[in-house]
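# Structural description and commentary
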Amino acid sequence: MRVDVLTIFPAYLDALELSLVGKARTAGLLDVRVHDLRDWAHDRHRTVDDTPAGGGAGMVMRPDVWGAALSDVLTEGATLVVPTPSGPTFTQRTAEDWATREHLVFACGRYEGIDARVAEHHRARGVRVEEASIGDYVLNGGEVATLVMVEAVARLVPGVLGNAESVVEESHSAEGLLEYPVYTRPVEWEGLAIPDVLMSGHHGKVARWRRDQALARTAERRPDMIAALDPTRLDKRDRATLGDLGWWVHPDGVRPAGE
Ligand code: 6GU
């Protein structure tokens, strides 16, 4: 997979040289290229922004500079990603989708954003343009959001994760539940013991305990995810656990007891 990042702060993306993403680059699985947008500015000051049409606070990034940069970097079939807090939320589903694409180009905006004609122009030319937000808070620019999205996508590219970090176990998260709590030695630490069942060697009991923990955690922290569970994927013991947690499994969905 090829990933290009256009930014006025290339150093933000230095973290893509570390850890799994860095190793995947060395291994030739990922071709990541970070570019300084100012290389496409045409004045002595390397200006990339101007005042907003119609007035108001802040600055807007110029379409001509972005247009020049994107025409050099986009390839046939590439996806243009525009990180913005006003985009649809980037989720694990988005990451799975983008992990199948050959070339992602991230256009990191700063200030009040990029002139709206940039996305419009590329869409009109048939480029897949995806705006995306990483959550309901405001960052100073798209760089940190790009780091988040590249990491989430890269780890789904075949070969990027080694066996030790395998993505297979995570079919859990795809199942729509939060992960169960994990423990390792020492068996007792600061007066706290590892739950006995995990030391029992009984694989069936361990699996059931973990499933119950995942259900209980999800009910406590993310009731919206419980309400979104598919009843056909819940066995008798899931139903009993959910009942204890105050949820009823109906043929058409999971709802708080009594509703
Ligand atoms: Cl993608 N960009 C900015 N500037 N802020 C954000 C964001 C993106 N996602 C959440 N907040």
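The paragraphs below set out a description of the structure included in this document. Being a predicted model, the structure only gives us computed values, none of them experimental.

This paragraph deals with the site of the ligand. Neighbouring residues of the ligand: Pro83, Thr84, Pro85, Ala132, Ser133, Ile134, Gly135, Tyr137, Leu139, Gly141 and Ala145. Measuring from a nitrogen atom of the ligand, one finds a backbone N or O atom of Ile134 at 3.0 Å. With respect to the ligand, the backbone of Tyr137 contributes an N or O atom lying 2.5 Å from a nitrogen atom. Here the ligand has 290 Å² of accessible area as a free molecule, and 96% of this is covered by the chains. For the shell around the ligand, the per-class residue count stands at seven nonpolar, four polar and no charged.

Before going further, it helps to spend a moment on unusual backbone geometry. Of note, the amide linkage connecting Arg185 to Pro186 takes the cis form, showing an omega dihedral of 5°. A positive phi angle is found at Arg46, which is not glycine, with a value near 55°. Looking at where Arg46 falls in the secondary structure, it is placed in the loop between strand E2 (31-36) and strand E3 (49-50). The residue Glu190 is not glycine, and still its phi comes out positive at about 55°. Structurally, the position occupied by Glu190 is in the loop between strand E8 (188-189) and strand E9 (192-193).

By definition, the strands of a sheet pair up through backbone hydrogen bonds, in either a parallel or an antiparallel sense. One open sheet holds the five strands; their spatial order is E2-E1-E6-E5-E7, and the pairing between them is parallel. In this open sheet, the two edge strands, each paired with only one partner strand, are E2 and strand E7 (128-132). In this sheet, adjacent strand axes meet at a mean angle of 20° when their direction is disregarded. Across five bridges, the pairing between strand E1 (residues 2-7) and strand E6 (residues 103-107) is parallel.

Now for the nonpolar core. Among the nonpolar cores identified, the biggest contains 27 residues, and Leu16, Phe90, Trp98, Phe106, Met149 and Val153 are the most heavily contacted of them. A total of seven residues in this core trace back to one element, the largest contributor, which is helix H5 (residues 143-154). When residues no more than four places from it in sequence are discounted, the contact partners of Val153 are Met1, Phe90, Ala95, Trp98, Ala99 and Leu104. Ranked by size, the runner-up nonpolar core spans 22 residues in total, among them Trp40, Trp66, Leu70 and Val82.

This part is about the environment of Gly135. Tracing the sequence through the fold places Gly135 in the loop between E7 and H5. Residue Gly135 is classed as buried on the basis of its relative accessible area, which comes to 12%. Through-space distance from the C-alpha of Gly135 to that of Pro88 is 9.0 Å; in sequence the pair is 47 residues apart.

A few words now on helix H4 (residues 117-124). Every buried residue of H4 is listed here: Val118, Ala119 and His122. Buried residues of H4, viewed axially, fall in a sector of 95°; they line one side. Pointing more than 90 degrees away from the buried face of H4 are the exposed residues Arg117, Glu120 and Ala124. As for H4, its buried residues are in contact with helix H2 (63-73), strand E5 (79-83) and E7. Just beyond H4, the residue with positive phi is Gly126, at close to 90°.

Reading the values: the criteria
Residues numbered from 1 in each chain as written. Predicted model: local features only at pLDDT ≥ 70, side-chain atom pairs only at ≥ 80, totals over all residues. Heavy atoms only, no water. Near = heavy atom within 4 Å. Polar contact = N/O pair within 3.5 Å; in protein donor to acceptor, adjacent residues only side chain to side chain. Areas by Shrake-Rupley, 256 points an atom, 1.4 Å probe, with all protein chains shown as cover. Nonpolar A, V, L, I, M, F, W, Y, C, P; charged D, E, K, R; others polar. Helix = DSSP H or I, 4+ residues; strand = E, 2+ residues; numbered from the N terminus. Pairing = 2+ DSSP bridges. Axes fitted to C-alpha atoms, helices over the stretch in contact; angles between N-to-C directions. Core = buried A, V, L, I, M, F, W, Y, C linked by side-chain atoms within 4.5 Å. Buried < 20%, exposed > 50% of the residue type's maximum accessible area, 1.4 Å probe, protein only. Contact = heavy atoms within 4.5 Å. Arc of directions from axis to C-beta.

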